[in-house]
Each structure stands twice: as C-alpha cells, then as structure tokens.
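# Results of the structural survey
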Amino acid sequence: PGLHLRAMVAATCALFTRIASELVVCVMTLEPYPRWQPTVALLPLFLALAMLGALEGSAGGAILWVYAAYCVFDAGAYVVDVMIEISTHLGVSIFFITPKKEE
C-alpha cells in the first residue's frame with residue numbers, strides 16, 4: 001500500500017544497471033568496489049515510508065517519479081562517462097564522426 005510500483009520498478013532497474021555497470025568496470029580496471037552509492041541508500045527509506053503510508057496519493061507518486069528519473073539519469077550519465085573513457089583509452093571516437101586518416 002502506498003508504493004507506486006511503476007516508479008519503483010523504473011528506479012530499481014536503473015539502480016541495477018548502474019551497479020552492474022560499475023561492478024564490471026571496477027573488475028576490469030582493478031578499482032576497489034564497493035563504492036558509496038547514495039541513490040541506493042534512499043531505496044530502503046522510500047520502501048519504509050511507503051509501508052507506513054506516507055507516499056500515498058499524487059504527492060508520493062511525484063516524489064517516487066522524481067527519484068526514478070534521477071536514478072535513470074544517474075545510470076545513463078555513468079554509462080556515457082564510461083563509454084567516453086574507454087573510447088579515449090582505445091583511441092576510438094564513438095560519439096563523433098572523425099575524418100578518415102590517410103595511410
């Protein structure tokens with residue numbers, strides 16, 4: 001009761017994408033994992049508030065959709081950042097068309 005499922009599913013999917021991407025990158029680059037992820041820390045808070053009925057109605061739905069949008073934006077920004085870093089390391093341009101080098 002009080003839990004807007006579509007918003008929570010969108011947020012959970014985005015969080016899973018972010019965590020899975022970061023886990024793969026950390027393993028490949030030998031960086032330490034786990035890292036602090038504040039977006040994940042809010043998930044139990046929202047679940048507890050929903051169980052208490054504090055997120056019922058349109059205001060609660062708006063709060064959860066804003067959270068879901070932030071999670072999607074955060075996951076997307078992380079994936080794009082990693083893609084740019086990897087392409088720079090490999091010397092490949094993935095977001096821009098560069099002129100062909102003459103050999």
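For the structure itself, consult the block above.
Report follows, based on the coordinates.

Conventions adopted
- Residues numbered from 1 in each chain as written.
- Predicted model: local features only at pLDDT ≥ 70, side-chain atom pairs only at ≥ 80, totals over all residues.
- Heavy atoms only, no water.
- Axes fitted to C-alpha atoms, helices over the stretch in contact; angles between N-to-C directions.
- Helix = DSSP H or I, 4+ residues; strand = E, 2+ residues; numbered from the N terminus.
- Parallel < 35°, antiparallel > 145°, perpendicular 65-115°, else oblique.
- Left-handed = near helix turned anticlockwise from the far one by under 90°.
- Contact = heavy atoms within 4.5 Å.
- Nonpolar A, V, L, I, M, F, W, Y, C, P; charged D, E, K, R; others polar.
- 1 Å grid on protein atoms, 1.4 Å probe; cavity = no way out; pocket = protein on both sides within 12 Å on 5 of 7 lines; lining within 4 Å.
- Points joined across faces, edges and corners; volume = space filled by probe spheres on them.

To continue, consider the packing of helix α2 (residues 38–51) against helix α3 (residues 57–90). One can describe the packing of α2 onto α3 by two numbers: an axis separation of 11 Å at closest approach and a directional angle of 160°. Looking at the two axes, α2 sits roughly antiparallel to α3. As for how α2 packs across α3, the hand of that crossing is left-handed. Each of T39, L42, L43 and F46 in α2 lies in contact with α3, whose residues at this interface are I63, L64, Y67, Y70, C71 and D74. Classifying every residue of the contact of α2 with α3 by side-chain character gives 8 nonpolar, 1 polar and 1 charged.

Below, the discussion takes up the packing of helix α1 (residues 5–29) against α3. Direction vectors running N to C along α1 and α3 enclose 25°, while the axes themselves pass 8 Å from each other. Our classification of the angle between α1 and α3 gives roughly parallel. The handedness of the crossing between α1 and α3 comes out as left-handed. Seen from α1, the contacting residues are R6, A7, M8, A10, A11, A14, L15, R18, S21, E22 and V25; seen from α3, they are L64, W65, Y67, A68, C71, V72, D74, A75, Y78, V79 and V82. Across the contact of α1 with α3, the residue classes break down as 17 nonpolar, 1 polar and 4 charged.

Here the focus is the layout of surface pockets. Here the largest pocket defines a volume of roughly 270 Å³. Together, V25, M28, T29, E31, R35, Y78, D81, V82, E85, I86 and H89 line the largest pocket. Residue classes in the lining of the largest pocket are distributed as 5 nonpolar, 2 polar and 4 charged.

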